[in-house]
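Residue-level structural notes
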There are 2 protein chains.
Amino acid sequence: MERVAVIDAAMTQFGQRDGWIRELLAEAGQACLDTAGVSPDAIEHLYVSNMASGELEGQTGVSNALAHDLGAVPAYTARIDQTSSSGGAGVYAAWQSIASGASELTLLVGGEKMTHRTTAEATDVIASLTHPVEYKHGITLPSFAGLTARLYLETYDAPREALGKVAVKNHRNGVDNPHAQFRKEVSLETVLESPIVADPLRLYDFCPITDGSAALLFCPESLAERYTDTYAIVSGIGGATDTHVVHERGDPTTMGGVVDSSNDAYEMAEITSDDIDVAELHDMFTILEFLQLEDLGFFEKGAGWKAADEGITARDGALPINTSGGLKSKGHPLGASGIAQVYEIYQQVTNNAGPRQVEAKTGLACNVGGFGNCVTTTILENAQ
Amino acid sequence: MERVAVIDAAMTQFGQRDGWIRELLAEAGQACLDTAGVSPDAIEHLYVSNMASGELEGQTGVSNALAHDLGAVPAYTARIDQTSSSGGAGVYAAWQSIASGASELTLLVGGEKMTHRTTAEATDVIASLTHPVEYKHGITLPSFAGLTARLYLETYDAPREALGKVAVKNHRNGVDNPHAQFRKEVSLETVLESPIVADPLRLYDFCPITDGSAALLFCPESLAERYTDTYAIVSGIGGATDTHVVHERGDPTTMGGVVDSSNDAYEMAEITSDDIDVAELHDMFTILEFLQLEDLGFFEKGAGWKAADEGITARDGALPINTSGGLKSKGHPLGASGIAQVYEIYQQVTNNAGPRQVEAKTGLACNVGGFGNCVTTTILENAQ
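Residues numbered from 1 in each chain as written. Chains lettered and ligands numbered in written order. Predicted model: local features only at pLDDT ≥ 70, side-chain atom pairs only at ≥ 80, totals over all residues. Heavy atoms only, no water.

**Remarks on the overall build of chain A**
In terms of regular secondary structure, chain A is built from 15 helices and 11 strands. Compactness check: chain A gives a C-alpha radius of gyration of 19 Å against a globular reference of 21 Å for 384 residues, within 12% of the reference. Counting only C-alpha atoms, chain A reaches 55 × 45 × 40 Å along its principal axes. Relative to its 384 residues, chain A shows a buried fraction of 69%. Contacts spanning at least 24 positions in sequence make up 77% of the contacts within chain A whose residues lie at least 6 apart. Across chain A, the mean location of the 24 positive side-chain charges is 6 Å away from that of the 52 negative side-chain charges. (Helix = DSSP H or I, 4+ residues; strand = E, 2+ residues; numbered from the N terminus. Rg over C-alpha atoms; globule rule 2.2 N^0.38 Å. Buried < 20%, exposed > 50% of the residue type's maximum accessible area, 1.4 Å probe, protein only. Contact = heavy atoms within 4.5 Å. Lys, Arg positive; Asp, Glu negative; His and termini not counted. Charge placed at Lys NZ, Arg CZ, Asp CG, Glu CD.)

What follows is the structure, encoded as structure tokens:
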């Protein structure tokens, strides 16, 4: 089986944006084609990662719209939805399109337009992914996060401050990311004194509501040098579900989808978690960074919280996490997030991350859908 | 590249159904696993074809819900949306999952729950796939169908009755399909005297609003005999777009996506249109059967209308079309339709179509999204 290369990446400014989903998707897609010097005619498959353009904007058929807007007709296109991990699912779909031989040049664009809706409306659309038993009781993803954070802190005797340090770290990283929604440092005091949202989690433990899009261009490894000298290889990729009903999980502080998808990705890449130099984790809520640090095998169960506390996951630490600023500071336009994670890892392993650059030949992106309901893990390696 | 086998197929009763999308998806998915004798634990990838569960029912995350309901966790899952060709796009995704080596057993389930909404509401949700320039003028897919039918009849000097004969033929075929929404013959007079919907098209030129789901099970050819003796091979598959703005097409009586996707499928299967023994076409409107008969290469441009007129496409004709009853009589639950088309071809080429059986070693399914905006064509061959 021939390996799959990522030959280009682009993303829009994340934040509160004018325009609507079509314009955001076209902006990242066009930027990706422009920097790669690729004509839209050359695209064979075009995937769009998007959760809810119909629910949020009354617009469906967005992948066809994008094929039109980019001038990519008659390229095949489809929309890939895996709720908040739609981006990661798009990466997996694009990988399959190349690995299966169906396409020799696949453009993946993901995005979401959200800020025109109130936070309550957007949160409700997202909550419609939960099991109806839970939804009808008014449970949203922030509620799950609060419950899980409380359990985690108690079970592993972790201090509340440790959660706050994740926010502080990711905001600090975001300062150097020109695409980030927030480019400002926050103090631990600011985080700990911000309004309670879902006890013990406070406003600064949550990612914002965001508009934006991101894009990646894929081809078979054997064709990559036609396009660029700086490409990366998708050396491992995997996806897995966990229970749809969150309370059915044996240990709510473990995300089975993270464990299973990363094990598949490590096995395919023939590496272990020890070989990962940098990672983008799905810090929709600060507590999720702890769970992923553990479930990806970077730290023992219950030890993830110490990583931020001790600076191990800082940009100058032994295992830099969320050098992009993460969802927390960069923002979380649902369909874009998993692609923006891979964007950052692509920049890191191809040594193009500018002021955010760390030493990295191998990087990992973990994109979490729902409250761990479905997860994709992607590993990129420097191709040189 | 190893070839991909279809080892089982199932579908629910189509029509006005109780229950909601989750229950419909689970019904077809479970039926498929049951007849194949496969445990849900064995599923590696699970794809759900669905256009609008969020818009129609306020339920998102349906692929995760299905993984839960079937007991398939931790199988990877994602939703595939390509509007009315979501089913065909799901077939393509499932094919890629096997052909790429990502999965050795993929279950595809597609469905839609629509009849709880009014026809106007459902039509409006579907119309939200169109270009906003067209949508804002109140154009829906039935409007396009009326305009195209008028142009076709004028351009090719075809009689209005020819359209009616498509409806008569497909209703006749549907009588023998226990899953069909309508199992009643209609006379040409009934069709021609039914109320006008979009002149010259009348009520009986349109498929109904339908609830239902359908499922297919895929594995590599080398593993097929583990599961069954009666499997089919996906010998060809292709997908292509046409302009999102319908009026930008050079000739509105040609669907470029049908031409391009079928050419790709024929090339992959190393056959021509002459080698197709039976086909399921996307007769959402009677006029579409003419366009596809021509754009798939079965007849010259402008000659498609004569096929139904002369009985060539009847079940006992030289090229049986829509032996299932087609969308016209079987019904059109958006996400299910492309899968139900392949279900019928699978039954035909494995000689399991019962009273609908025709002589067929090779069959084709053409699933049209939007008004030809995106099309997938799938060719199945008897494996024996």
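**Overview of the pairing of strand E4 (residues 106-112) of chain B**
Residue and element names in this part refer to chain B. Taking burial as the measure, the 7 residues of E4 include 7 buried ones, the bulk of the element. A two-sided burial pattern is seen for E4, the buried positions comprising Thr-106, Leu-108, Gly-110 and Glu-112 on one face and Leu-107, Val-109 and Gly-111 on the other. The pairing of strand E2 (residues 45-49) with E4 spans 5 bridges and is classified as parallel. Note that in E4 the partner of Ser-49 across the bridge is Gly-110. (Pairing = 2+ DSSP bridges.)

**Side note on the nonpolar core**
Ranked by internal contacts, the top residues of the largest apolar core, which has 78 residues, are Leu216(A), Phe218(A), Leu380(A), Leu216(B), Phe218(B) and Leu380(B). Contact partners of Leu380(A), with chain neighbours within four places excluded, come to Val6(A), Ala232(A), Ile233(A), Val234(A), Ser235(A), Val342(A), Ile345(A), Tyr346(A), Val349(A), Lys361(A), Thr362(A) and Gly363(A). Of all hydrophobic cores here, the second largest spans 56 residues; its members include Ala122(B), Tyr266(B), Ile276(B) and Trp305(B). (Core = buried A, V, L, I, M, F, W, Y, C linked by side-chain atoms within 4.5 Å.)

**Thoughts on the relation of the copies chain A and chain B**
The transform that puts chain A on chain B rotates by 180° and translates by 0.0 Å along the axis, for an RMSD of 0.0 Å. On this basis, the relationship between the two copies can be described by a two-fold rotation axis. Residues of chain A ranked by C-alpha distance from the rotation axis are headed by Ser100(A), positioned 1.9 Å from it. Looking at chain A, 100% of its interface residues are interface residues in chain B too, so the copies touch through the same face. (Least-squares fit on C-alpha atoms with pLDDT ≥ 70 in both.)

**Here we look at the UniProt feature "domain: Thiolase N-terminal" (unreviewed entry) in chain A**
In the numbering used here, UniProt assigns the feature "domain: Thiolase N-terminal" (unreviewed entry) to residues 4-222 of chain A. This span, residues 4-222 of chain A, is 42% helix and 18% strand, and a straight line between its end C-alpha atoms measures 9 Å. (UniProt positions renumbered as here; feature names shortened; annotations may be inferred.)

**A look at the pattern of salt bridges**
Residues and elements named next belong to chain A. Under the defined criterion, the tally for this structure stands at 34 salt bridges over all chains. With its nearest N and O atoms 3.1 Å apart, the salt bridge here joins Arg-3 to Glu-221. With Arg-3 in the segment before strand E1 (4-11) and Glu-221 in the loop between strand E7 (212-220) and helix H10 (224-227), this residue pair connects regions lying 218 residues apart in the sequence. For Glu-221, a relative accessible area of 24% gives the class partly exposed. As a salt-bridge pair, Arg-249 and Asp-242 come within 3.5 Å of each other at their nearest N and O atoms. Via salt bridges that share partners, Glu-294, Asp-295 and Lys-301 belong to a single interconnected network. (Salt bridge = Lys/Arg side-chain N within 4 Å of Asp/Glu carboxyl O.)

**So, the interface of chain A and chain B**
Contact with chain A, which involves 57 residues of that partner, is made by 57 residues of chain B. Carbon and sulfur atoms supply 49% of the area that chain A and chain B bury against each other, a total of about 4,000 Å² over both sides. The largest share of the area that chain A buries against chain B comes from Asn64(A), Tyr76(A) and Arg79(A), three residues that together contribute 16% of it. Across the chain A-chain B interface, the total number found is 2 salt bridges. Between Asp81(A) and Arg79(B) there is a salt bridge, with the nearest N and O atoms lying 2.7 Å from each other. The interface formed by chain A and chain B contains 24 residue pairs in polar contact (both at pLDDT 80 or more). Of all the elements in the fold, those that place two or more residues in the side of chain A that touches chain B are strand E2 (45-49), helix H2 (53-57), helix H3 (62-70), strand E3 (76-81), helix H4 (86-99), helix H5 (119-127), strand E8 (232-241) and strand E11 (374-382) of chain A. (Buried area = accessible area lost by both parts, 1.4 Å probe. Polar contact = N/O pair within 3.5 Å; in protein donor to acceptor, adjacent residues only side chain to side chain.)

**Looking at helix H11 (residues 256-269) of chain B**
All names here are of chain B. Relative to the 20 Å expected for 14 residues at 1.5 Å per residue, H11 spans 20 Å between its end C-alpha atoms, a close match to the ideal helical length. Within H11, the full set of buried residues consists of Gly-256, Gly-257, Val-258, Ser-261, Ser-262, Ala-265, Tyr-266 and Ala-269. In this structure, the buried side of H11 is in contact with strand E8 (232-241), helix H12 (286-295), strand E10 (362-369) and strand E11 (374-382). (Expected span 1.5 Å × (residues − 1).)

**Section: the packing of aromatic side chains**
Any pair of aromatic rings gets described here by the distance separating the centres and the angle formed by the planes. All names here are of chain A. Counted according to the given criterion, the structure contains 16 aromatic pairs over all chains. Ring centres of Tyr-152 and Phe-290 lie 5.5 Å apart, and the angle between their planes is 35°; on these two criteria the pair is classed as tilted. One end of the pair, Tyr-152, is in helix H7 (residues 141-155); the other, Phe-290, is in helix H12 (residues 286-295), with 138 residues separating them in the sequence. The class of Phe-290 is buried, set by a relative accessible area of 0%. (Phe/Tyr/Trp six-rings, centres within 6.5 Å; stacked < 30°, edge-to-face > 60°.)

**Things to note about unusual backbone geometry**
For the bond running from Asp199(A) to Pro200(A), omega is 10°, close enough to zero to count as cis. Note on placement: Pro200(A) falls in the loop between strand E5 (196-198) and strand E6 (201-202). Residue Pro74(B) is bonded to the preceding Val73(B) through a cis peptide linkage, with omega at 15°. Within the chain, Glu270(A) stands out as a residue other than glycine whose phi angle is a positive 55°.

**Brief notes about the packing of H7(A) against H12(A)**
Residue and element names in this part refer to chain A. It is the contact of H7 with H12, at a shortest axis distance of 9 Å, that shows an interaxial angle of 60°. In terms of orientation, H7 lies oblique with respect to H12. Our pair here, H7 against H12, has a crossing hand that is left-handed. Together, Ala-145, Thr-148, Ala-149 and Tyr-152 of H7 and Ile-287, Phe-290, Leu-291 and Glu-294 of H12 make up the contact between the two elements. Classifying every residue of the contact of H7 with H12 by side-chain character gives 6 nonpolar, 1 polar and 1 charged. (Axes fitted to C-alpha atoms, helices over the stretch in contact; angles between N-to-C directions. Parallel < 35°, antiparallel > 145°, perpendicular 65-115°, else oblique. Left-handed = near helix turned anticlockwise from the far one by under 90°. Nonpolar A, V, L, I, M, F, W, Y, C, P; charged D, E, K, R; others polar.)

**Quick look at the environment of Val358(A)**
Residues and elements named next belong to chain A. If you trace the backbone, Val-358 turns up in the loop between helix H15 (334-349) and strand E10 (362-369). Given the relative accessible area of 10%, Val-358 is considered buried. Apart from residues no more than four positions distant in its own chain, Val-358 is found in contact with Val-278, Arg-315, Pro-320, Thr-323 and Gln-348.

**Describing the UniProt feature "domain: Thiolase C-terminal" (unreviewed entry) in chain A**
Under the feature "domain: Thiolase C-terminal" (unreviewed entry), the UniProt entry names residues 238-382 of chain A. Annotated as 35% helix and 17% strand, the span residues 238-382 of chain A places its first and last C-alpha atoms 19 Å apart.

**Focus on a negative patch on the surface**
Taken together, the side chains of Asp260(A), Asp264(A), Glu267(A), Glu270(A), Glu2(B), Glu44(B) and Glu104(B) make up a negatively charged region of the molecular surface. Tracing the backbone through its elements, the reader meets Asp264(A) in helix H11 (residues 256-269). The exposure class of Asp264(A) is partly exposed, given its relative accessible area of 40%. (Patch = residues over 30% accessible without salt bridge, like charges linked within 9 Å, V, L, I, M, F, W, Y side chains within 5 Å. Areas by Shrake-Rupley, 256 points an atom, 1.4 Å probe, with all protein chains shown as cover.)

**Structural notes on the side chain of Lys330(B)**
All names here are of chain B. The residue Lys-330 is located in helix H14 (residues 326-330) in this model. Of note is the side chain of Lys-330, whose polar atom sits 3.1 Å from the side chain of Ser-324. Beyond its immediate chain neighbours, meaning those up to four positions away, Lys-330 contacts Met-11, Phe-14, Asn-177, His-179, Ala-180, Gln-181, Glu-280, Ser-324, Gly-325, Ala-340 and Gln-341.

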